[in-house]
Amino acid sequence: MKPLSILKKALGFRDDVDAVRAAKGENLSTWYYLLHKKQAVVGIAIIAMFLAWSTVEGIMQLLGGYTRDPSLGWLLLPHNPISSPSLTTSLLPPSLRYPMGTNFEGQDIFSRLLYAAPKDAFAAFVVVLSAVALGSILGIVAGYYGGWMDEILMRITDAFLAFPGLVLAIALSVLIGPGFSSVLIALTVIWWPVYARLFRGQTLTLKYRGFVEISRLFGVSEAKVLFRHIFMNALDPVIAYMALDFGTVILTYSTLAFLGIGIQPPYPEWGSMASNGLSFFPSAWWYTFFPSLTILLVVIGFILFGDSFQDVISGRVVD
Amino acid sequence: MVELVRTESLRRYFAAEKLGLLEKLAGRKQRYIKAVDDVNVVLNKNETTALVGESGSGKTTLGRMLATLDTPTSGKIFYSGVELNEDALESVRHKVQIVFQNPYESLDPRMSIRQIIEEALTRYGGDDRAGRVKEVLEAVGLNYSDIHYRKARDLYGGQRQRVAVARAMAANPEFIVLDEPTSALDASVQSQVLNLLVQLKKQYGYTYLFITHNMMVARYISDRIYIMYAGKVVEAGLSEEVFTDPFHPYTKLLMESVPSLEPTARLEPMKGEAPSLLNPPPGCRFSPRCPYAFDRCFKEEPRLHLVGQRLVACHLFEDRERRNFRQSSFMLLAETAVWRTGTWGPWPLAGRSC
Amino acid sequence: MTASLSIRDLTVYYKTPLGLVQVLDGLTADFDQGETVAVVGESGSGKSTMGFAITRLLPPTGVVEGSILFEGQDLVSMPQKKLRDVRGTGIFMVMQDPFSSLNPVKKVGLQLLEAVQIRMERRGEHFDYESASKEVLKRLYDVKLPDPAIIMTKYPYQLSGGQIQRVVIAMGLLLEPKIIIADEPTSALDVSIQAQVIALLKELQQQYGMTLIFITHDLAVANVVSDKVLILYAGRLMEFGDKRDIIQKPMHPYTQGLLKSFPSGSYREKELYSLPGMPPSFFSLPVGCKFSDRCPYAFDRCFKEEPGILDVEGRTVRCFLYGGARKNRVA
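Residues numbered from 1 in each chain as written. Chains lettered and ligands numbered in written order. Predicted model: local features only at pLDDT ≥ 70, side-chain atom pairs only at ≥ 80, totals over all residues. Heavy atoms only, no water.

Trainee: Please clarify how the overall build of chain A should be interpreted in this entry.
Mentor: The helix and strand inventory of chain A stands at twelve helices and zero strands. Starting at the N terminus and ending at the C terminus, chain A contains elements arranged as α-α-α-α-α-α-α-α-α-α-α-α. Put simply, chain A has 319 residues, and 49% of those count as buried. Residue pairs at least 24 apart in sequence account for 69% of intrachain contacts in chain A once pairs closer than 6 positions are excluded. With an accessible surface of roughly 15300 Å², chain A has 71% of that area assigned to carbon and sulfur atoms. (Helix = DSSP H or I, 4+ residues; strand = E, 2+ residues; numbered from the N terminus. Buried < 20%, exposed > 50% of the residue type's maximum accessible area, 1.4 Å probe, protein only. Contact = heavy atoms within 4.5 Å. Areas by Shrake-Rupley, 256 points an atom, 1.4 Å probe, with all protein chains shown as cover.)

Trainee: Explain unusual backbone geometry to me, please; I cannot follow it from the model alone.
Mentor: Residues and elements named next belong to chain A. Cis rather than trans, the peptide bond between Phe281 and Pro282 has omega equal to 5°. By the secondary structure assignment, Pro282 is in the loop between helix 11 (270-278) and helix 12 (285-315). Notably, Leu91 is not glycine yet its phi reads approximately 50°, a positive angle. Looking at the element boundaries, Leu91 is found in the loop between helix 4 (38-66) and helix 5 (109-145). The exposure class of Leu91 is partly exposed, given its relative accessible area of 23%.

Trainee: Can you help me understand the packing of aromatic side chains in this one?
Mentor: Each pair of aromatic rings is reported with the distance of its centres and the angle of its planes. Residues and elements named next belong to chain B. Going through the model one piece at a time under the given rule, you end up with 32 aromatic pairs over all chains. Pairing Tyr250 with Phe286 gives two aromatic rings, centres 5.2 Å apart and planes at 70°, and the pair type is edge-to-face. You can see Tyr250 sitting in helix 12 (residues 249-256) and its partner Phe286 sitting in the loop between helix 12 and helix 13 (295-299), a full 36 residues away along the chain. On the basis of relative accessibility, which here comes to 0%, the residue Tyr250 falls in the buried class. In this structure, Arg6 is placed above the aromatic ring of Phe78, and the distance from its NZ or CZ to the ring centre is 4.8 Å. Lying over the aromatic face of Phe247, Arg310 brings its terminal NZ or CZ to 3.9 Å of the ring centre. (Phe/Tyr/Trp six-rings, centres within 6.5 Å; stacked < 30°, edge-to-face > 60°. Lys NZ or Arg CZ within 6 Å of the ring centre and 35° of its normal.)

Trainee: Where do I start with the confidence of the model for chain B in this structure?
Mentor: Low pLDDT marks regions whose predicted coordinates should not be analysed in detail. Residues and elements named next belong to chain B. Scored by pLDDT, chain B has a mean of 85; 91% of the residues are at 70 or more. Of the regions scoring below 50 in pLDDT, residues 346-354 engages in 17 contacts with residues more than four places distant in sequence or in other chains. Complex prediction metrics read pTM 0.83 and ipTM 0.86. (pLDDT = per-residue confidence, 0-100.)

Trainee: Looking at this structure, I do not really get the sheet that holds strand 8 (residues 211-216) of chain C. What am I missing?
Mentor: The strands making up a sheet associate through backbone hydrogen bonding, with each pair oriented either parallel or antiparallel. Residues and elements named next belong to chain C. Pairing in this open sheet of eight strands is mixed, and the strands run 6-7-8-3-9-10-12-11 from one edge to the other. This sheet does not close on itself; its edge strands, each paired only once, are strand 6 (91-94) and strand 11 (310-312). On average, adjacent strands in this sheet sit at an angle of 20° to one another, irrespective of strand direction. Sheet analysis places strand 11 next to strand 12 (residues 315-317), joined by three bridges and oriented antiparallel. From the neighbouring strand, Val312 faces strand 12, where its bridge partner is Arg315. (Pairing = 2+ DSSP bridges. Axes fitted to C-alpha atoms, helices over the stretch in contact; angles between N-to-C directions.)

Trainee: Hey, could you run me through the packing of helix 5 of chain A against helix 8 (residues 180-206) of chain A in this one?
Mentor: Geometrically, a packed helix pair is captured by the angle between its two axes and the distance between the axes. All names here are of chain A. Relative orientation of the contacting elements helix 5 and helix 8 amounts to 40°, with a least axis distance of 5 Å. In this view, helix 5 runs oblique relative to helix 8, as classed from their interaxial angle. Here helix 5 runs over helix 8; the crossing is right-handed. Class assignment of the residues belonging to the contact of helix 5 with helix 8 gives a composition of 21 nonpolar, seven polar and two charged. (Parallel < 35°, antiparallel > 145°, perpendicular 65-115°, else oblique. Left-handed = near helix turned anticlockwise from the far one by under 90°. Nonpolar A, V, L, I, M, F, W, Y, C, P; charged D, E, K, R; others polar.)

Trainee: For this particular structure, what's the right way to read the pattern of salt bridges?
Mentor: For side chains of opposite charge, pairing can occur when their charged atoms come near one another. Inspection of every chain in the model, using the stated rule, returns 48 salt bridges over all chains. In this structure, the salt-bridge partner of Lys201 of chain B is Asp223 of chain B, at a minimum N-O distance of 3.2 Å. Remark: Asp223 of chain B occurs in the loop between helix 10 (215-221) and strand 10 (224-229) and Lys201 of chain B occurs in helix 9 (residues 187-204); sequence separation between them is 22 residues. This pair shows no difference in class: Lys201 of chain B is buried, exactly as Asp223 of chain B is. Within the structure, one salt-bridge network assembled from shared partners comprises Asp25, Arg236, Lys290, Glu306 and Arg318 of chain C. (Salt bridge = Lys/Arg side-chain N within 4 Å of Asp/Glu carboxyl O.)

Trainee: Help me understand the interface of chain C and chain B, please; the structure alone is not making it clear to me.
Mentor: When the parts of a complex come together, some accessible area is lost, and that lost area is often taken as the interface size. Contact residues are listed per partner, giving 46 residues for chain C and 41 residues for chain B. Here chain C meets chain B over a buried area of about 3700 Å², counting both sides, of which 57% is carbon and sulfur. Inspection of the chain C/chain B interface yields one salt bridge. The salt bridge partner of Arg268 of chain C is Asp223 of chain B, with a shortest N-O separation of 3.0 Å. (Buried area = accessible area lost by both parts, 1.4 Å probe.)

Trainee: What's the story with the sheet that holds strand 7 (residues 96-99) of chain B in this structure? I'm lost.
Mentor: Residues and elements named next belong to chain B. Read across the open sheet, the eight strands follow the order 7-8-9-4-10-11-13-12; overall the sheet is mixed. If you trace the sheet from one side to the other, it starts and ends with strand 7 and strand 12 (305-307), each paired once. Along the sheet, successive strands turn relative to each other by an average axial angle of 20°, direction set aside. Its contacts with the sheet put helix 9 on strand 4 (48-52), strand 8 (175-179) and strand 9 (207-212), and the angle it makes with strand 9 is roughly 160°. Seen against the sheet, helix 12 touches strand 4, strand 10 and strand 11 (232-238) and runs at an angle of roughly 95° to strand 10.

Trainee: Would you explain helix 10 (residues 222-258) of chain A in this entry?
Mentor: Helical geometry: 3.6 residues make up each α-helical turn, so side chains three or four residues apart lie on a common side. Here helix 10 of chain A spans only 46 Å end to end across 37 residues, well under the 54 Å set by a 1.5 Å rise per residue. Maximum bend of helix 10 of chain A: about 45°, positioned at Asp236 of chain A, with proline Pro237 of chain A one to four residues after it. (Expected span 1.5 Å × (residues − 1). Bend = angle between axes of the 7 residues up to and from the residue.)

Trainee: Help me out: how do you make sense of the pairing of strand 3 (residues 36-40) of chain C in this one?
Mentor: Walk down a regular strand and you will see the side chains alternate between the two sheet faces. Residues and elements named next belong to chain C. In terms of residue burial, strand 3 counts as a mostly covered element, since five of its five residues are buried. Side chains Thr36, Ala38 and Val40 of strand 3 all project onto a buried face; the interleaved residues Val37 and Val39 project onto the opposite face, where all are buried too. Sheet topology note: the strand 3/strand 9 (residues 228-233) ladder contains four bridges and is parallel. When the bridges of strand 9 are listed, Val40 appears paired with Ile231.

Trainee: What is the right way to look at the domain arrangement of chain B in this model?
Mentor: Residue and element names in this part refer to chain B. Splitting chain B by domain gives domain 1 (3-15 + 32-227) and domain 2 (268-341). Distance between the C-alpha centres of domain 1 and domain 2: 30 Å. With seven residues of domain 1 at the contact, the number on the domain 2 side is four residues. Carbon and sulfur atoms supply 50% of the area buried between domain 1 and domain 2, which totals about 600 Å² over both sides. Contact with domain 2 buries area across many residues of domain 1, yet Ile33, Lys34 and Glu54 alone supply 47% of it, more than any other trio. At the boundary of domain 1 with domain 2, the tally comes to one salt bridge. Here Arg285 makes a salt bridge to Asp37, at a shortest N to O gap of 2.7 Å. Counting the contacts that link domain 1 with domain 2 gives two residue pairs in polar contact (both at pLDDT 80 or more). Its residues assigned to classes, the side of domain 1 that touches domain 2 shows three nonpolar, one polar and three charged. (Domains from an automatic or database assignment. Polar contact = N/O pair within 3.5 Å; in protein donor to acceptor, adjacent residues only side chain to side chain.)

The following block contains the structure:
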C-alpha cells in the first residue's frame, strides 16, 4: 500500500509515533482508524479526487468568468464541452479521441462531465452546510430549552418532513424561478428538517451529561455551553450522516436536472446528461451510461466514507 | 462548629408521566414520584457528611439540589444562613461544586484537560489562570506537563476522577458535593482517591457531602451520616455511633447485607424490594420489609425521634426519646427546637476535635 | 474429587486495528464439581474474557488457544454445532446485565418453558406442557420470587433488575447445568438486593451441587460467596487457592495490596493503604512480572523475568518471593 503511506505522511501521520502512542494504550484520532479501513480509504480517495478536480476546474471557470474569456473554463479539458452542435461528431461511440463518446450535439461527454463537476460539488456543500447550520440552531434550541419552544419548532419541522421532499423542491424552484441558486435554496429548504431532528436528539442526551450540567456552576454563558459542549459533541454522528448526505444531495440535484429543473442548456449537468441520453438508449448507450456511472461513483465514495466514519466513532471507545 | 448548609422540609417531586391536553381535559390527575420528601439536613463547615442509600432513596436528587443543579418543588435551602433563591443563586454557585460518579460522563470528550479546568475558572478572579490550572492539577497528584494536553479518554479511570476533583477545586469552592466519586473505580484506585479527598479537605478546609451506597466507604470518609430510604431520612448521627450501634431497623439490615472480609462473614439479606415512589406504602415506608413492624407502623408515618445525638425515624424509639428528654433539660430545649423548626443541629462532636 | 472443568494454558488474544492484544496468558486451573470459585480482578484483568472463553461466547475478534476440558471434551476445539448442546444444559452463564440474556418480546413464562423443553429434548425425554409449567412455577418459587404465576405472564421490562436476575437464575436451575458462570451478576444491583441474590445463588449451588464460577471485582463479595478464590491481574493467574487461606493470609503482593486497600475504620484513625499506580493496560505491560511496576517488594529479577506459577502450601502463587516446586504443567 504505497499510496496510502504517502497519503498518511501528507496528512501528518507518523507510524512510528502512532505505534508508541498505541503501545501506551492511548486512543488515536478518528482519522487514524479511518486510514486503517480499506473501504474508508477507497471512499476518501474518490472524494478527494472529486473535490480536488472540482476545486481546480471551479477556479478555472471563475477565472474565465472574471476575465470574460469562458474558454479558460475548458483549458484543461480535451474538448470544448459546450461547443456548437456539429452533426459530424454526433453520437460517436467511445474512442481514443472521445473516451466516453459524444452526445447528440456532437460534444465530448468526458469533457462535459468534468466541466459539470464543480457545480455538483458546490451544490452538495452549500446545501448540506446550510442545512446543518439551520438545523443545528433550531434543533439544539428546541432540545435544550424544551417546553413550548420545542413543541413549536418540532411541529414546524414535522410539517416540512411531511411533504415529499422532491415535490416540495420542484414546487419551490418553480416558484422562485429557474436557475442554479433557486435549486440550492429549494434543496436547503427540504434538507434542514432532518438535521434539526438529528441535533435535537443529540441535544436531549447531551444536556444531561455531567459536563453540560456542571458548566452552569462555573458561570459559563449559555451560548458557549450550546456551542462548545452541545454542538461540538453532537457533531460526530452528524458528520457521518453528512458524508452520506453529500451523495444524496448530488443525486437529488441530478434528479432535479434530470426532470429539467436547474441548470439550463447548453451548460452540462450530470443528471440532465443522463436524462437526455436516455432517449438514445440502448443504441448510443454511452450517452446515458457514463454520466450515470459518474453519479454512482461519487455517491458510493461518500457512502463508503460516511459508513466507515460511523463505524469508527461508534466503536472507537475501547475500555 | 459552624453550620454551612441547611435544608428545611425539602421536597422534590417529578411528574410521573407527561399528560397530554386531552388527558388534562378528561380530568386525569398528574401523578408524582416523590424522590425527596420532607428532608432536613444540616452540613457543618469542614466536616464530611455522608449520604447513604440505595437506588431510589433520593440521595442523588438531594445532592443535585444542594449543588444548585436542580430546584426543589418546595422547601428551603440555606447557605451560611442565606436562603437560596433566584437572587442568591449566582453568589451561591461561587461556593458550590460537584463531582459526579462517572468521570467519563462529566469531562467533555472533545476538550483537553487544560481547557476543561480553564472552563471552571470562568468566574475566577485571579490573574494567573494558567498557573491556577497547574496548581490544582498538581494538588490532586497529576503531572501537569504530562497531562494538560490530553483528552479525557486518554486517561485511566482514577486519573479522570482526579481531573474531576481538580476542576471542582479550581474555582475555590467551600462546599463540594461528591456523588459516588469512587464507585466507578477499581478497588486499588478507590483508596487512592479517598486518601486524596481526605488530604484536600484538611488542606483547604472543604465541606463535603459524600453520596454513596457503599457503607464501608461512608464509614471511612465521614464525620456525620444520613441514611435515606425511599425519599426520607431514616437515621442520622455521628458516623462512628451509627456504624457501631445502628438504631433504625433499615440501617441494621443494610449493614448485615454488606459483604465483609471477616472469615466468618455471612450475609443476612433483608426481604423485599424498595417501595414504589409513586405510591409509597402508608405509614412507615420501610414497614413492608421491616421484621419489627407492628400495627402502628403500617398506619402512621414516624417522625424523626431525637435519641442521644441521633435522629431515628422509627416508632420503636419514641419511648427512648422521652426517657432521654426527661433526663436532660438541655435536650428538652433541643426537642422544642426540633418541633418548632422541623430541623435539628448543629450539635457538638463529643470529645473530638476536627 | 474429579475436576468438572480443567483449564490448561488458556490464552486469549483480541485482534485490534493496532495488532494482537493478549488478554489471558497461559491460565491453568482446575475447578472441582460442586465448589464455588470466585474469580477476582480489576478492570483489564481479563476476568470477563475468561468467562466468555469458557462459554465460547467471545466476539469474532477473539482468538483462543490452550484447552478447556469439560466432561472429557475440549471446548476450545469443539465445533459450534456441538457447543450448542453444551451451552445451557452443560454450562450456563449469568450475565451482569440480565436483560441481555432474555428475549425482550417474549413473556418470561414462555422463555422458562422453552428452557425446560430444551433440557428435555437434549436428554431425549418427552416434553409435557402441564408438568413443565409446574416445574417452572416451582423453580420461580425456589428463587423466592413473589407470585410466580403472575411473574410468568410478564415481559422482562416489567420486572425490576433484582427480579430479572432471579428469573435468569431460575432459568439456569431449569436447565440443570453442571457449571454456572456468573459474570458480576450483582454489580448492577443495590446492596440489599445483591445480598439476596448472592444468598440465593449460594443456597441453590449447595442444594443442587453445581459448580459456580463467580466473577467479581469485589474481594468482600468473593469472601462471602466462594470456597476458592482465583486472583487475576493483567490476564495472569496471580494466586489461586482456598478462600480462607487467601483472604486471611494472602501471599501475592497484589492480593495483599487489594485486601489492605479495602476501606475500614475512619479517616481520623489512619490513612488507607493504596497500591501505587494504575490498573494494567494490555498495551503497556512491564517486561518481567506484570505487577512489578506497582509491587512494593519488587527486586531486580522481577523487572527482567516473569515468574511462573508455583505450588506453595496448597495454593498456587505467581511470585518470586516464594520458593517451592515449580508446578508441572500438563501439556
